[in-house]
Amino acid sequence: MKRCPRCNLAHDDALSFCRADGTRLITGSIASESTATALLPAVAPSGEVSTQLPHQAPSIAVLPFANMSSDAENEYFCDGLAEDILNALAKVEGLKVAARTSAFSFKGRETNVGEVGRTLNVNSVLEGGVRKSGDRVRVTVQLISAADGYHLWSERYDRRLEDIFDVQDEITLAVVDALKVRLLGDKKAAVLKRHTGNSEAHQLYLKGRYFWYRGAPEDFVRSRDYFLRAVELDPAYALAYAGLADAYGFPAATGLARPDEGWPKAEAAALKARELDDGIAEVYNPLAAQRFIYHRDWAGAEREFSRAFELNANFAEIHNLRSVYLVVVGRLEEAIAEGRRSLELDPLSVISSKFLGDWLYYARRYDEAVGQYRAALELAPDNAWVHEALGDVLEQQGVYEGAVAEWRSAMMLAGDEELAVILSRAHSESGFTAAARAVARERLKRLDEVSQGGGYAPAVGFARAYLRLGDKEQAFRWLERACEERNLFPLLINSDPFYDGLRSDPCFAALVRKVGLPQ
């Protein structure tokens with residue numbers, strides 16, 4: 001048995017660090033210390049001095065772990081294990097941790113730690129591999145200096161699957177130790193906090209997050225189902241309830257599901273998560289979204305944002321969501337600053353990059369918006385969403401050929417070749433305005449088909465199509481309906497340049513008052 005030289009508690013030989021206070025365990029006397037983790041000596045050889053980085057604040061990127069198993073389905077487990085360690089390290093005071101989106105953007109790419117370090121502005125990189133077979137798991141990890149490629153620490157763990165939480169703790173504490181970061185008091189308890197003791201529920205949660213990050217509409221449904229199964233197995237699993245709130249709330253906010261169906265379930269899940277554990281930053285992301293999108297409670301949203309930042313000021317997703325909120329309440333310059341902060345924390349996030357472009361567009365800073373959208377496309381050239389937004393701003397600049405080209409790219413990337421043909425043909429035969437109207441007519445036709453078939457089509461889609469066609473009466477009628485729906489779209493009408501042609505009409509001011517937006 002090993003013991004802790006500080007608190008003198010006995011521990012299993014498989015552990016390297018004390019679960020009570022994080023101190024390195026010893027076997028027998030300190031002089032005969034034997035650990036399961038091979039760390040650098042206290043004084044590094046001359047050729048490896050730079051790996052200690054004595055004058056730089058410690059920073060790290062946790063890359064997705066490689067799946068060394070024959071079963072491709074184990075990808076979720078590898079991603080989830082790396083993400084859990086990333087989230088734990090993010091709670092360590094004095095340690096800068098690259099956000100998940102940016103770190104995981106290197107997945108499947110041939111790269112080196114130097115490139116990762118330069119791109120994410122970190123001085124160390126944690127990478128690893130996982131082999132899972134039945135109830136056994138082997139995890140190999142190595143912490144590498146981004147400056148010169150030297151190993152700072154490495155280890156291999158062969159354990160039962162039910163012991164995966166111990167492995168996560170061991171890796172986290174070993175990384176903290178290798179980077180010479182002090183972990184004291186309550187912060188230590190937060191870093192080592194376990195959200196569930198049920199390994200099966202944990203695996204279901206990891207599957208839920210895996211599909212959540214894939215981001216396709218059908219993936220949100222799959223993620224929701226896994227979160228539901230996780231909380232069925234462990235009804236006290238707050239983090240899984242937070243995931244469930246995301247899985248119900250995001251589709252309700254973005255027009256993928258009926259708001260009146262999705263929001264009550266999202267709110268119930270988020271409130272349950274907070275009841276179980278009010279110290280998880282992830283809980284306050286869906287709570288803040290519910291406050292300002294569903295309830296239109298601006299002050300309530302600010303309270304949820306404030307609590308999230310108290311718990312984790314470097315949570316990129318909450319900065320991104322707050323930038324949306326700031327646009328809604330008309331504080332565009334603050335929204336742009338918040339968007340930049342989100343991108344600083346998560347520099348390879350396409351969503352953060354695109355949102356910043358949106359806020360510059362809404363501020364009528366069109367040249368800057370074009371530059372930001374192009375930067376987003378450097379990250380993801382095949383992102384239809386960004387191509388469409390770039391087309392919108394080019395239209396505002398009067399660059400009609402460019403707008404059509406971007407819209408056509410968006411349609412092709414979205415798999416809508418028919419709409420792309422309609423756009424191109426109308427543009428070549430009759431010009432830009434005719435092309436935009438031809439697309440609007442086709443979209444109206446499709447929206448009608450969805451509605452008549454019993455599906456959900458957001459009212460704002462009808463409003464925008466009618467406005468393209470020059471039918472202001474119908475546009476206002478559908479905007480009225482849109483304002484009754486509790487999704488994000490009606491909250492943006494006060495900023496979006498697309499609606500500039502309606503602003504002088506008294507009906508528009510009435511809509512803004514109806515939603516409760518600042519005027």
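What you see is a predicted model; the values in this text were computed from it and never measured. (Residues numbered from 1 in each chain as written. Predicted model: local features only at pLDDT ≥ 70, side-chain atom pairs only at ≥ 80, totals over all residues. Heavy atoms only, no water.)

### A short note on the overall build of the chain
Part 1: Scanning the chain from N- to C-terminus turns up 22 helices and nine strands.
Part 2: With 519 residues in all, the chain has 53% of them scored as buried.
Part 3: Put simply, 58% of the contacts in the chain that link residues at least 6 apart link residues at least 24 apart.
Part 4: Element-wise, carbon and sulfur atoms account for 49% of the exposed surface of the chain, whose accessible area totals about 22900 Å². (Helix = DSSP H or I, 4+ residues; strand = E, 2+ residues; numbered from the N terminus. Buried < 20%, exposed > 50% of the residue type's maximum accessible area, 1.4 Å probe, protein only. Contact = heavy atoms within 4.5 Å. Areas by Shrake-Rupley, 256 points an atom, 1.4 Å probe, with all protein chains shown as cover.)

### Observations concerning the packing of aromatic side chains
Part 1: Scanning all chains against the criterion turns up 21 aromatic pairs.
Part 2: Here the aromatic rings of Trp263 and Tyr294 are separated by 5.7 Å at their centres, their planes lie at 15°, and the arrangement is stacked. Of this pair, Trp263 sits in helix H9 (residues 259-276) while Tyr294 sits in helix H10 (residues 281-294); the two residues are 31 residues apart in sequence, bridging distant segments of the chain. We note that Trp263, like Tyr294, is buried.
Part 3: On the numbers, 5.8 Å between centres and 45° between planes, the contact of Tyr361 with Tyr362 is tilted. (Phe/Tyr/Trp six-rings, centres within 6.5 Å; stacked < 30°, edge-to-face > 60°.)

### Comments concerning the nonpolar core
Part 1: In terms of nonpolar packing, the biggest core is built from 154 residues, with Phe65, Leu126, Val139, Trp153, Ile171 and Phe292 touching the most fellow members.
Part 2: Counting residues per element, this core draws most heavily on helix H8 (residues 238-254), at eleven residues.
Part 3: Residues Val116, Leu120, Val122 and Val125 belong to the second largest nonpolar core, which totals twelve residues. (Core = buried A, V, L, I, M, F, W, Y, C linked by side-chain atoms within 4.5 Å.)

### Considering the pairing of strand E4 (residues 59-62)
Part 1: Side chains Ser59 and Ala61 project from E4 onto one buried face, and the interleaved Ile60 and Val62 project onto a second face that is buried too.
Part 2: Pairing between E4 and strand E6 (residues 96-97): two bridges, direction parallel. Bridge pairing in E6 places Ser59 opposite Lys96.
Part 3: Bridge count between E4 and strand E7 (residues 124-133): two bridges; the pairing is parallel. Across the sheet, residue Val62 finds its bridge partner in E7, namely Leu126. (Pairing = 2+ DSSP bridges.)

### A closer look at the environment of His387
Part 1: One can find His387 in helix H16 (residues 384-396).
Part 2: Separated by 13 residues in the primary sequence, His387 and Arg374 have C-alpha atoms spaced 8.8 Å apart.
Part 3: Aside from chain neighbours lying at most four places away, what touches His387 is Leu377, Pro381, Glu406, Ser409, Ala410 and Leu413.

### Side note on the pairing of E7
Part 1: Most of E7 sits out of view: seven of its ten residues are buried.
Part 2: Where strand E5 (residues 66-67) lies against E7, two bridges are found, and the strand directions are parallel. The residue bridging Asn67 from the neighbouring strand is Val130, located in E7.
Part 3: As judged from the ten bridges shared by E7 and strand E8 (residues 136-145), these two strands associate in the antiparallel manner. Within E8, the position partnered with Ser133 by the bridge is Arg136.
Part 4: Hairpin connection, E7 to E8: the antiparallel pair is bridged by two residues, and Gly134 has positive phi, about 60°.

### A word on the layout of surface pockets
Part 1: Empty space within the second largest pocket amounts to approximately 960 Å³.
Part 2: Lining the second largest pocket we find 46 residues, and of these Asn87, Ala90, Asn312, Asn314 and Phe315 sit closest to its centre.
Part 3: Top contributing element to the lining of the second largest pocket by residue count: helix H6 (residues 199-214), with four residues.
Part 4: Across the lining of the second largest pocket, the residue classes break down as 22 nonpolar, nine polar and 15 charged. (1 Å grid on protein atoms, 1.4 Å probe; cavity = no way out; pocket = protein on both sides within 12 Å on 5 of 7 lines; lining within 4 Å. Points joined across faces, edges and corners; volume = space filled by probe spheres on them. Nonpolar A, V, L, I, M, F, W, Y, C, P; charged D, E, K, R; others polar.)

Keep in mind these numbers describe shape, not what the thing actually does.
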